[in-house]
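Below are the chains, spelled out letter by letter.
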Amino acid sequence: MSKNVIVAGLTVFVIVALFPFWFNIGNTNAAPEAELSAKAKAAKKCVLDKYDMRANHMSLLDDWRDTVVRDSKRVYKAANGKTFGMSLSTGEDSCMGCHVDKEKFCDKCHNYVSVAPSCWECHTDPKEVTQ
Amino acid sequence: MINKGENFLSKSNRRGFLKAAGISAVAIGAAPAIKAVSAVASGGEATNLPVKTAKIEALTAKRWGMVIDTSKITDEVVESVVAACRNTHNIPDFDHKPDEKKYPNIRPAKKMQEIEWIWEEHYHNAFPEMEDEFLADKFKSLPFLVTCNHCKNAPCVQACPTKATFKREDGIVIMDFHRCIGCRFCMAACPYGSRSFNFRDARPFIEKINPEFPVRSKGVVEKCNLCAERLERGLQPACVEASEGAIVVGDLEDPESEVRAILKENYAIRRKQELGTEPSVYYIM
Amino acid sequence: MLEIAIKGSKKYWIWLGTLLTVMAVAFALYIDQFMNGLMITGMSRDVSWGFYIANFTFLVGVAAGGVMVVIPYYLHDYEKFHRITILGEFLAVASLIMCLMFIVADLGQPVRMLNVLLYPTPNSMLFWDMCVLNGYLFLNIVIGWKVLEAERNQVKPPSWTKPLIYLSIPFAIGIHTVTAYLYCGLPGRGFWLTAILAPRFLASAFAAGPSFLILLCYLVRKFTKFDPGWEAIQTLSKIVCYALIANVFFFFCEVFVVFYSKLPGHMSHIKYLFFGLHGHGALVPWMWTSMILMFTGIVLLIVPAFRNNETLLPFTCIMIFIGTWIDKSLGMISGGFVPNPLHHVTEYIPTVQEIVISLGVLATGLLILTVLFKLAATVKEEVRG
């Protein structure tokens, strides 16, 4: 009697636990490529190289925001010699100064991997203001 | 003392460690990046390490202070100072009607939950312990501008359980909006009522967003930051620019500074001096 | 031991169902608060803490009150409390869980809660409050559980529980002292800025906690076969009596200092609470009700004929519980914020949504309390039967 209950319970658990897999059967999508703006393409070099940036941009931004807010330093001379303003969206030398299109550059991948960074709750997408 | 401890703990050692631990848990193969990212304030003699600096044009001081000349404060000055501050820092105006299309079904705002960085008070509210029935007539009607006092011994800094409110080395008491948990202990601690809480999302109530400064998320406390972001770009605070000479900001520790020169010549008082918080905002009477 | 909790009478399940319904409604309203912010509350720029923190403060007291059975039993070998010690400890557990829930409900950014641990800040009293509250909760869960388990197996509790029990005594005093320190160390708030605050908090805690425990003893006797004992209840009522007198005495010490020295910044708050200020007096009837309830409570506990009356005692306890609740939650928080540091009067009135969310927290606490008390009562029945 209790054996059946346990087996049934386990089955339900396994089915529920595997929900993301069976739910997505048939609609596999290719990973999107972030689209570089003309300005970003022309600049060639970013703060870190492409793969470092992909893996670690969140910790870089986290470190930047602490440095700006808590140590009041705003200029970042990267290891590759280029200088940046440590800001997400303020100024030509900020992230959004070069990567002007948030939708194509940020949201595309974030949506794909289902992350919702809280950056934009406070910081302004330059496009939002001009609209 | 508190400040020193904070710097000692946070710079490189602890933060670097946490960060490195966090990253390596996620991406073990990214060792070079970790080095690059966590090399905080290491001086950066080696050319292949990133260097972080302040801007060259930044205005600096040992201890920032403000002097408000009450004789130069008129209703017009008050209005333009408050407006300048609001526009610079994206402070919501709860009288502003939200855009129906962009923000449908917005619940009405409660005026008592509003946000103020610098605002107008009467003498007997700005200096309640100095109330006087025979007070000179001109002070009774005079508008007084009050704001965060950037106290030397700030009770809000002492109260904050996460160091989201902290005192910079240059004396500015500032908020780290990213870290604030919204416990509002600092609001209870402030003896000047200078702090406001974001009871709701501010965006619908901002007429025009200034992209140079962030908006705040709901659930964090905020207050005057002495325009730290403008000082760092070599600009005077917005209130100083709008005040027609009524407000001066400068280095209280520098005997040659303009604020010190004014204080030498005039009788100035500070709010609730008896509390020992050592406000950095002076009022010339 | 937990299996006891899933076997119960129809009444037991109806009660739990009712609590769960309240919790569900409150949770739905909390989700709205979580999404839209604390704008749904009656709090304001001037009164920045409200009903949540008020109840938190009061319940810290109820939790600390449990020590009033632990001290006599463990330090003075007062055998009469043997049966109810576990009830005191479980009451502390339920109260502390409510306290922590109230804190979380009050946070503007609850998802960042762990920042308190990530950036520990010893100069903030809130940091220490977090330490002692969680410490006391942990101690009471471990002690309560182990002692009850030992009783069920009819063996002595493991010897390592003894030092934990002794440690829990300073922790009980500690939680309420540190909670008082949250308020009384703030330079700009005349109402709280008094050294009597921590002693007064403790006194009202030792009145509110044990009086609630007496009520619970009556309920346990009514609904289970376990009898906590009339003599234990009698002793508890004497404790409540002394603590309540101390609470009122401390309050009058404060009133004397404030009104004899005539310091305006200190007088205005008490004036607001009891007489109203600049035409605002939402709390005036509440404060006088509280005073009347506490005074009546003292009279009914001092006179032996009233105190020994088994029918009257629960009503006395209800009066005292409500009286101290008004005094320490409604009055203590609003009184400190009104008038504000610039002497403006902004009153605080909680919204319905805020009250329902608070009821949800209380329902959660009662649910935990019911389950824990059922365990305790059933084990005691088993052992005796």
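Structural data are supplied above this passage.
Residues numbered from 1 in each chain as written. Chains lettered and ligands numbered in written order. Predicted model: local features only at pLDDT ≥ 70, side-chain atom pairs only at ≥ 80, totals over all residues. Heavy atoms only, no water.

A. Representation of the packing of aromatic side chains in the model. Considering all chains together, one arrives at 34 aromatic pairs over all chains under this definition. Ring plane angle 35° and centroid distance 5.5 Å describe the contact between Tyr-123 of chain B and Phe-127 of chain B, whose orientation is recorded as tilted. The exposure classification of Tyr-123 of chain B matches that of Phe-127 of chain B, with both residues buried. In this structure an aromatic cluster arises from ring pairing among Phe-185 of chain B together with Trp-49, Tyr-183, Trp-192, Phe-201 and Phe-337 of chain C. (Phe/Tyr/Trp six-rings, centres within 6.5 Å; stacked < 30°, edge-to-face > 60°. Buried < 20%, exposed > 50% of the residue type's maximum accessible area, 1.4 Å probe, protein only.)

B. Summary view of the nonpolar core. In terms of nonpolar packing, the biggest core is built from 158 residues, with Leu-87, Ile-175, Tyr-183 and Trp-192 of chain C touching the most fellow members. Here the element with the most residues in this core is helix H8 (residues 197-223) of chain C; it accounts for 16 residues. Look past the residues within four positions of Trp-192 of chain C in its chain and what remains in contact with it is Ala-188 of chain B together with Tyr-183, Cys-184, Leu-186, Leu-197, Met-332, Ile-333, Gly-336 and Phe-337 of chain C. (Core = buried A, V, L, I, M, F, W, Y, C linked by side-chain atoms within 4.5 Å. Helix = DSSP H or I, 4+ residues; strand = E, 2+ residues; numbered from the N terminus. Contact = heavy atoms within 4.5 Å.)

C. Expanded view of the interface of chain B and chain C. Opposite the 49 residues of chain B that make contact, chain C presents 45 residues. Along the contact surface separating chain B from chain C lie two salt bridges. Between Asp-32 of chain C and Arg-107 of chain B there is a salt bridge, with its nearest N and O atoms 2.5 Å apart. Applying the counting criterion to the chain B and chain C interface returns 33 residue pairs in polar contact (both at pLDDT 80 or more). Those elements giving two or more residues to the side of chain B that touches chain C turn out to be helix H1 (2-26), strand S3 (118-121), helix H6 (155-159), helix H7 (185-189) and strand S7 (196-197) of chain B. In terms of residue class, the side of chain B that touches chain C is made up of 24 nonpolar, 11 polar and 14 charged. (Salt bridge = Lys/Arg side-chain N within 4 Å of Asp/Glu carboxyl O. Polar contact = N/O pair within 3.5 Å; in protein donor to acceptor, adjacent residues only side chain to side chain. Nonpolar A, V, L, I, M, F, W, Y, C, P; charged D, E, K, R; others polar.)

D. Highlighting the sheet that holds strand S2 (residues 83-85) of chain A. Taking strand neighbours across the sheet as the criterion, the three strands line up as S2(A)-S1(A)-S1(B) in an open arrangement whose pairing is antiparallel. At either margin of the open sheet sits one strand with a lone partner, and together these are S2 of chain A together with strand S1 (51-53) of chain B. Here the strands of the sheet are splayed against their neighbours by 25° on average, with no regard to which way each runs. Relative to S2 of chain A, strand S1 (residues 75-77) of chain A is paired through three bridges, and the arrangement is antiparallel. What sits directly across from Lys-77 of chain A, in S2 of chain A, is Thr-83 of chain A. (Pairing = 2+ DSSP bridges. Axes fitted to C-alpha atoms, helices over the stretch in contact; angles between N-to-C directions.)

Spatial relationships are all this shows, so hold off on functional conclusions.
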